[in-house]
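Listed here are the chains, written in short residue letters.
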Amino acid sequence: MQVVVYDANVLYPSTLRDVLIRVGIARLAYPKWTDRILDEVFRNLRTNRPDLDPARLDRTRHLMNDAIRDVTVAGYEHLIDQLDLPDADDRHVLAAAVHAEAQVIVTRNLRDFPDDRLTAWDVTAQHPDDFLTGLHQDHPDALGRIAAAIAHAWSNDAKPGDVLDSLAIDAPNTSALVRQTLGHHG
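Let me sum up the structure you'll find in this document.

**So, helix 8 (residues 142-154)**
Phase 1 of the analysis: Taking 1.5 Å of rise per residue, 13 residues should cover 18 Å, and helix 8 covers 18 Å from first to last C-alpha, within 8% of that figure.
Phase 2 of the analysis: Buried within helix 8 we find Ala142, Leu143, Gly144, Ile146, Ala147, Ile150 and Ala151.

**As for the nonpolar core**
Phase 1 of the analysis: Counting residues in each nonpolar core, the largest one holds 60 residues, and the members touching the most others are Tyr6, Leu11, Val23, Trp33, Phe131 and Leu132.
Phase 2 of the analysis: Top contributing element to this core by residue count: helix 5 (residues 91-100), with seven residues.

**Brief notes about the packing of helix 2 (residues 14-25) against helix 4 (residues 54-67)**
Phase 1 of the analysis: Two elements in contact, helix 2 and helix 4, have axes separated by 10 Å at closest approach and are oriented at 25°. Considered as vectors, helix 2 and helix 4 are oriented roughly parallel to each other. Packed against helix 2, whose contacting residues are Arg17, Ile21 and Ile25, the element helix 4 presents Thr60, Met64 and Ala67 at the interface.
Phase 2 of the analysis: Grouping the amino acids of the contact of helix 2 with helix 4 by side-chain chemistry returns four nonpolar, one polar and one charged.

**Concerning the pairing of strand 1 (residues 3-6)**
Phase 1 of the analysis: Side-chain alternation along strand 1 places Val3 and Val5 on one buried face and Val4 and Tyr6 on a second face that is also buried.
Phase 2 of the analysis: Of the pairings in the sheet, the one linking strand 1 to strand 2 (residues 30-32) comprises three bridges and is parallel in character. Each bridged residue has a counterpart across the sheet, and for Val5 the counterpart in strand 2 is Lys32.
Phase 3 of the analysis: With three bridges joining them, strand 1 and strand 3 (residues 104-106) adopt parallel strand pairing. Within strand 3, the residue paired with Val5 across the bridge is Ile105.

What counts and how
Residues numbered from 1 in each chain as written. Predicted model: local features only at pLDDT ≥ 70, side-chain atom pairs only at ≥ 80, totals over all residues. Heavy atoms only, no water. Helix = DSSP H or I, 4+ residues; strand = E, 2+ residues; numbered from the N terminus. Expected span 1.5 Å × (residues − 1). Buried < 20%, exposed > 50% of the residue type's maximum accessible area, 1.4 Å probe, protein only. Core = buried A, V, L, I, M, F, W, Y, C linked by side-chain atoms within 4.5 Å. Axes fitted to C-alpha atoms, helices over the stretch in contact; angles between N-to-C directions. Parallel < 35°, antiparallel > 145°, perpendicular 65-115°, else oblique. Contact = heavy atoms within 4.5 Å. Nonpolar A, V, L, I, M, F, W, Y, C, P; charged D, E, K, R; others polar. Pairing = 2+ DSSP bridges.

This is the structure:
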């Protein structure tokens, strides 16, 4: 199973975050993040979404850490100064990936993680749409089940298509592929 580090920008959108966490729960990949990554996610949510209840955000963070065993990477800090990336503020993400022996960093900012800087560490960066599309190709029914579970969690009236509509903002190709699979299987 592939070890992946989720960058803060893929954990910020709620539907994408839910799908990525459920990917780990379903054991399609072994996700990792750090307290520093979550600090960035929840700091940005508090700043950009003052309408969200801070207690609910704290609960979300707690649930994220409890959802997947050994998800939090610690002890990576000594690697940060050894790494060279276009944005020095992203070195902690690569350091966590190296320390966790991750194969992939899932991020929307691919330009901040160029292949030539990651190759020496046996890490690649993937956009969340590409990452999820790859998972869908390997496990064609899994993301449909995840979309159905999220829809059920939203409300009794929500449908997997509603989840895919929301996911399409961040992962349009994945959303279209899962929609096709759901259409062919029911």
